[in-house]
Amino acid sequence: RDAANGRRALIRLRRMEIPADRRQYSAAWLWMQARPDLYRENLGFADFGDFCKPELIDAIDLLIESASPDTPEQWSPLAMCSLVYRGSRTCQFSLILPPKLPNIPAILAILPELERLYFEDLGFTTVYVSWPAEPQFLTPRRLAGKFGWRQVGDWRYEFTIIEYLERRNLVTEKPTGQSS
């Protein structure tokens, strides 16, 4: 909700492009720099130029933005997402958040659009996240749980096309060999 008037903020998801989104890439890069304990392994952590080149790691960068209903033309970044290709129709998901966590319900509100983009528009079958079992990664693991992603190991959470279709009530039976 918009704090000024109590109405719902506008939320959107869009693909990032250089040079048009250089300011947004800069904001996300600074968020990473403020939390090296979480982001030090991300490509581009040490080099802003590399960070602005998702093609180096075969990725698609997306921006989650919000705007007040009173000023719908003024979008502000809430988070940045990267979908990094990791093999046959599979992507590793990365979410970069500001040091002061944004409105998590707003991030969750855009999740169906992100899933639709990933599974329907891009045609992938699995998205996953993976973190070491260290205390600083507790919040990201909790967020994956809020996303409804399934924990499949000590460090890995994933979400598949079957789970996406079930969530949308488009499939009622799992294919043979698919487990929850």
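Look above for the structure.
Everything numeric here is computed off the predicted structure, so don't read it as measured data.

Q: Explain the overall build of the protein to me, and be specific about the residues and the numbers.
A: For the protein, the helix and strand inventory stands at 6 helices and 7 strands. Overall, the protein shows an N-to-C arrangement of helices and strands of β-α-α-α-β-β-β-α-β-α-β-β-α. The C-alpha atoms of the protein give a radius of gyration of 17 Å, which matches the 16 Å a tight globule of 180 residues would have. Dimensions of the protein, computed from the C-alpha atoms along their principal axes, are close to 50 × 40 × 30 Å. Once local pairs closer than 6 in sequence are excluded, the contacts in the protein between residues at least 24 apart make up 56%. In the form shown here, the protein has an accessible surface area of approximately 10000 Å², with 51% of it arising from carbon and sulfur atoms. Computed over 23 positive and 23 negative side-chain charges, the separation of the two mean positions in the protein equals 4 Å.

Q: Account for the pattern of salt bridges, with residues named and values stated.
A: All told, the structure shown has 11 salt bridges when counted by the stated rule. Measuring nitrogen to oxygen at the nearest pair gives 3.2 Å for the salt bridge that ties R150 to E158. Neither residue differs from the other here; R150 and E158 are each classed as buried. Residue E158 pairs with R156 through a salt bridge whose shortest N-O separation is 3.4 Å. Taken together, the salt bridges that share partners define one network made up of R12, R14, D21 and E65.

Q: If you had to explain the nonpolar core to someone new, which residues and values would you point to?
A: In this structure, F51, F93 and L95 are the most contacted members of the largest nonpolar core, which totals 49 residues. Element by element, the count of residues in this core is highest for helix 4 (residues 104–121), at 9 residues.

Q: Outline the packing of helix 4 against helix 5 (residues 138–147), supporting the account with residue identities and numerical values.
A: For the pair helix 4 and helix 5, the least separation of the axes is 10 Å and the interaxial angle reads 55°. Of the possible angle classes, the one that applies to helix 4 and helix 5 is oblique. When the axes of helix 4 and helix 5 are compared, the crossing they make is right-handed. Two secondary-structure elements touch here, helix 4 through I104, I107, L108, L111 and E115 and helix 5 through L143, K146 and F147. Here the contact of helix 4 with helix 5 is built from residues that sort into 6 nonpolar, no polar and 2 charged.

Q: Would you mind going over the packing of aromatic side chains in detail, with residue names and values included?
A: The final tally for this structure, using the stated rule, is 12 aromatic pairs. A ring pair is formed by W29 and F48, whose centres lie 5.6 Å apart and whose planes are at 70°; its orientation type is edge-to-face. Residue W29 is located in helix 1 (residues 22–34), and its partner F48 is located in helix 3 (residues 48–51); the two are separated by 19 residues in the primary sequence. Overall, F48 belongs to the buried group, its relative accessible area being 18%. Taken together, the aromatic side chains of Y85, F93, Y118, F119, F124, F147, W149, F159 and Y164 make up a single cluster linked through ring pairs. A cation sits over an aromatic face here: R156 above Y128, 3.8 Å from the ring centre.

Q: Explain helix 5 to me, using residue names and the numbers behind them.
A: Along helix 5, the positions that sit buried rather than exposed are P140, R141, L143, A144 and F147. Buried residues along helix 5 cover an arc of 160° about the axis, so they all sit on one side. Of the residues in helix 5, the exposed ones pointing more than 90 degrees away from the buried face are R142 and K146. Buried residues belonging to helix 5 abut helix 2 (36–39), strand 4 (90–96), helix 4, strand 5 (126–130), strand 7 (156–160) and helix 6 (161–167).

Q: Can you lay out the side chain of S82 for me, pointing to particular residues and giving the numbers?
A: Secondary-structure assignment places S82 in strand 3 (residues 76–85). On the basis of relative accessibility, which here comes to 11%, the residue S82 falls in the buried class. Among the polar contacts listed, one links the side chain of S82 to the side chain of D61, at a separation of 2.4 Å. Those residues in contact with S82, other than ones at most four positions away along the chain, are I60, D61, Q92, F93 and S94.

Cut-offs and rules
- Residues numbered from 1 in each chain as written.
- Predicted model: local features only at pLDDT ≥ 70, side-chain atom pairs only at ≥ 80, totals over all residues.
- Heavy atoms only, no water.
- Helix = DSSP H or I, 4+ residues; strand = E, 2+ residues; numbered from the N terminus.
- Rg over C-alpha atoms; globule rule 2.2 N^0.38 Å.
- Contact = heavy atoms within 4.5 Å.
- Areas by Shrake-Rupley, 256 points an atom, 1.4 Å probe, with all protein chains shown as cover.
- Lys, Arg positive; Asp, Glu negative; His and termini not counted.
- Charge placed at Lys NZ, Arg CZ, Asp CG, Glu CD.
- Salt bridge = Lys/Arg side-chain N within 4 Å of Asp/Glu carboxyl O.
- Buried < 20%, exposed > 50% of the residue type's maximum accessible area, 1.4 Å probe, protein only.
- Core = buried A, V, L, I, M, F, W, Y, C linked by side-chain atoms within 4.5 Å.
- Axes fitted to C-alpha atoms, helices over the stretch in contact; angles between N-to-C directions.
- Parallel < 35°, antiparallel > 145°, perpendicular 65-115°, else oblique.
- Left-handed = near helix turned anticlockwise from the far one by under 90°.
- Nonpolar A, V, L, I, M, F, W, Y, C, P; charged D, E, K, R; others polar.
- Phe/Tyr/Trp six-rings, centres within 6.5 Å; stacked < 30°, edge-to-face > 60°.
- Lys NZ or Arg CZ within 6 Å of the ring centre and 35° of its normal.
- Arc of directions from axis to C-beta.
- Polar contact = N/O pair within 3.5 Å; in protein donor to acceptor, adjacent residues only side chain to side chain.

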